[in-house]
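# Reading the structure
For reference, the chains in residue letters:
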Amino acid sequence: MNFSDSEIVASVMTENNYVTTKEQNEADVIFLNTCSIRDNAEQRVMNRLKQLQPMRKKKPGLIIGVLGCMAERLKSSLLEEAELGLRVDMVVGPDSYRDLPQLMLDAESGQKAINIILSAEETYADITPVRFASNGVSAFISIMRGCENFCSYCVVPFTRGKERSREPQTIYIEAKQLFDSGYREITLLGQNVNSYVWEDSQSNKTHFPELVAMVATVSPLLRVRFATSHPKDLSDKLIATIAQYPNICNAIHLPMQSGSTSVLSRMNRKYTIDDYMARIAAIRTAIPDCAISTDIITGFSGETDDEFAQTLKAMEQANFDFAFMFKYSEREGTLAAKKYPDDVPENVKAHRLQEVIKHQQKMSLASNKKDVGKVVEVLIEGFSKRSKQHVSGRSSHNKVVVFPDRGFAPGQYALVKITSCSAATLIGEAQ
Ligand code: 5AD
Ligand code: SF4
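Please read all numbers here as calculations on a predicted model, not as lab measurements.

## Comments concerning the site of ligand 1
- Around ligand 1, a shell composed of I37, R38, Y153, Q257, D295, I297, F326, K327, Y328, S329 and R331 is seen.
- In this structure, an oxygen atom belonging to ligand 1 sits 3.0 Å away from a side-chain N or O atom of R38.
- Take D295: an N or O atom from its side chain is 2.6 Å from an oxygen atom of ligand 1.
- Across the complex, the protein chains shield 87% of the 410 Å² of accessible surface that ligand 1 would expose by itself.
- Residue assignment for the shell around ligand 1 shows that the elements contributing at least two residues are strand 13 (291–298) and strand 14 (322–327).
- In terms of residue class, the shell around ligand 1 is made up of 5 nonpolar, 2 polar and 4 charged.

Right under this line is the structure:
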């Protein structure tokens, strides 16, 4: 989401005659687009801000701005030089990027600039993102912003505000323009894409399954992905739509968070583990060949050994192809911070995290081994990181596939026979 937001920021700045640079030393303005989801994300930003301070000596007038969720969460406290031991010139929340040119004027005149007003409407629908860090093949399209699910551990509803969706036609046009300029894969983004709903002036509603179907008609050569779905909102209609369109990728990211119904209840996830497994079963019935990935949190408030064991069991039962796994990090102001003590010792959280990672690696390897001998369609993204003799791309399942180059270009599709694998990568030969 931040990657996508930075493209909006680049667009607003470019419209106002600023240019981007890849050279930090050349920059007159440095924006850090920040994440507050876990404490370690915020610590990384604080360290980066510290590292940047000496640049001010070489470049008087250098402007350093904090954008995004940390700006929203920490507000004007980020401007307290004495307290932080470092100087920040601008603090700009995720709904205020249109105001950047005005804020720049303040900052350039030596004043500190801040706008952290959250909006109930802002979707940046009319701003064409500048794809400044793209591979030219895959792009993100932000389709909705904000979240009102209030999972008890999560800071996002506080930093990103109310849910709002973008007009479908603007999304279709953006996808078409991307396709026409050579892109072959788009990921529709939202904190909770399944809550997407647009109501037009005649009160006709477009829901997420209709939107994905619409975007899939741009071209059969355009792959469509989306993230992230909340299990309580993953409808049968959406599953049927994925099954119906070959270019909607057979890969669903469905955060489980925990395998224990009691933990899920404390997390305010609004589903039981049986509900979750019923959604997995619905996917597997309609799309037998669908990759399913997830997010897991270990050591949430009050998590017992037994509750944790249920997570390991549920991972096995769901048979995830891939997972993002995290230690619980208490966030100030959230429901959990108010209601449940952060009482699982750090070493237990860390040990449980290692266990889920080990468990998932085994399952990812088994999932990849099942692909050995199969022929998969790969969208080529570029040279492999390790060798210029090999290219790398992704399967519809979102698995990385590496194979010998035969003069391929990024954006081309290749049918690749898988010959071997690791837990993270499939290796093959183009047919
Ligand atoms: N601590 C740890 N992980 C968190 N996530 C969200 N909030 C927290 C937190 N406070 C994880 C969830 C979510 C993913 C994006 O980040 O698993 O799905
Ligand atoms: Fe956070 Fe839950 Fe919203 Fe995801 S659905 S952004 S975890 S509150």
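Following the structure, the description resumes.
## What to know about the packing of helix 13 (residues 305–318) against helix 15 (residues 346–371)
- Helix 15 packs onto helix 13 with a crossing angle of 15° between their chain directions and a minimal axis gap of 10 Å. It follows that helix 13 is roughly parallel to helix 15 by the angle criterion. The element helix 13 and its partner helix 15 pack so that their crossing is right-handed. Here D305, F308, T311, L312, M315 and E316 of helix 13 come into contact with helix 15, specifically with R352, E355, V356, H359, Q360 and M363.
- Looking at the contact of helix 13 with helix 15 residue by residue, the class counts come to 5 nonpolar, 3 polar and 4 charged.

## Some words on the site of ligand 2
- Around ligand 2 lies a shell formed by C147, N149, F150, C151, Y153, C154, V156, P157, Q191, H230 and R269.
- Taken together, the residues that form the shell around ligand 2 break down as 7 nonpolar, 3 polar and 1 charged.

## With respect to the sheet that holds strand 19 (residues 425–430)
- Spatial strand order, 15-16-17-19-18: 5 strands in a closed barrel with mixed pairing. Sheet twist, expressed as the mean angle between neighbouring strand axes with direction ignored, is 50°.
- In this sheet, strand 17 (residues 400–404) lies alongside strand 16 (residues 390–395) in antiparallel orientation, the contact comprising 5 bridges. Looking at the pairing, G393 lines up with V401 of strand 17.
- Sheet strands touched by helix 15: strand 18 (413–421) and strand 19. Its angle to strand 18, the strand with the most contacts, is close to 120°.

## Here we look at the domain arrangement of the chain
- One can read the domain layout of the chain as domain 1 (2–115), domain 2 (138–369) and domain 3 (375–430).
- Computed over C-alpha atoms only, the centres of domain 1 and domain 2 are separated by 29 Å.
- Counting from both sides, the interface comprises 15 residues of domain 1 and, opposite them, 16 residues of domain 2.
- For the pairing of domain 1 and domain 2, the buried interface totals around 1300 Å² over both sides, and the portion due to carbon and sulfur atoms is 50%.
- Linking domain 1 to domain 2 there are 6 salt bridges.

## Details of the packing of helix 1 (residues 2–15) against helix 6 (residues 100–108)
- Two elements in contact, helix 1 and helix 6, have axes separated by 9 Å at closest approach and are oriented at 65°. Regarding the angle of helix 1 to helix 6, the classification is roughly perpendicular. Facing helix 1, whose interface residues are V9, V12 and M13, helix 6 presents L100, P101 and M104.
- Considered class by class, the residues forming the contact of helix 1 with helix 6 number 6 nonpolar, no polar and no charged.

## What about helix 6?
- Turning to helix 6, its buried residues are L100, L103, M104 and A107. Around the axis of helix 6, the buried residues are gathered within 110° of arc, so they sit on the same side.
- In this structure, the buried side of helix 6 is in contact with helix 1, strand 1 (29–34), strand 2 (63–68), strand 3 (90–92) and strand 4 (113–115).
- Taken from the residues just after helix 6, G110 is the one with a positive phi, measuring 95°.

About the cut-offs
Once a new chain begins, its residue numbering starts again from 1 and follows that chain's sequence as written. To read the labels, note that chains go from A and ligands from 1, taken in the order they are written. Per-residue local features are limited, in this predicted model, to residues with pLDDT of at least 70; the limit for side-chain atom pairs, both in listing and counting, is 80 or more; totals at the level of whole chains, interfaces and linings are taken over all residues. Side-chain metrics in this entry use all non-hydrogen atoms of the structure; hydrogen atoms and water are not considered. Proximity is defined per residue: any heavy atom of the residue falling within 4 Å of a molecule or strand makes that residue near it. Whenever two N or O atoms come within 3.5 Å, that pair is a polar contact, provided that in protein one can donate a hydrogen and the other can accept it, and provided that, for residues adjacent in sequence, both atoms are side-chain atoms. Only the protein chains shown count as cover for residues, and the accessible areas themselves come from Shrake-Rupley with a 1.4 Å probe. Secondary structure elements follow DSSP: runs of H or I no shorter than four residues count as helices, runs of E no shorter than two count as strands, and numbering proceeds from the N terminus. Note that Gly is not counted as nonpolar here; it falls among the polar residues with everything else outside the nonpolar set of Ala, Val, Leu, Ile, Met, Phe, Trp, Tyr, Cys and Pro and the charged set of Asp, Glu, Lys and Arg. Lines fitted to the C-alpha atoms define the axes, with helices restricted to the stretch that makes contact. Angles between their N-to-C directions range from 0 to 180 degrees. These descriptions rest on fixed angle ranges, namely under 35 degrees for roughly parallel, over 145 for roughly antiparallel, 65 to 115 for roughly perpendicular, and the rest for oblique. Crossing handedness is defined as follows: a turn of the near helix away from the far one that is anticlockwise and smaller than a right angle gives a left-handed crossing, while the clockwise case is right-handed. When checking whether two residues touch, look at their non-hydrogen atoms; a contact exists if any pair is within 4.5 Å. Pairing between two strands is assigned when DSSP locates at least 2 bridges connecting them. What marks off one domain from the next here is an automatic or database domain assignment. The term buried area refers to how much accessible surface (probe radius 1.4 Å) is lost by two components on association, counted for both of them together. For this document, the term salt bridge refers to a Lys or Arg side-chain nitrogen within 4 Å of an Asp or Glu carboxyl oxygen. The cut-offs for exposure are 20% and 50% of the maximum accessible area for each residue type, with area from a 1.4 Å probe on protein chains only; residues under the lower value are buried, those over the upper are exposed, and the others partly exposed. This arc describes the spread of directions from the helix axis toward the C-beta atoms.

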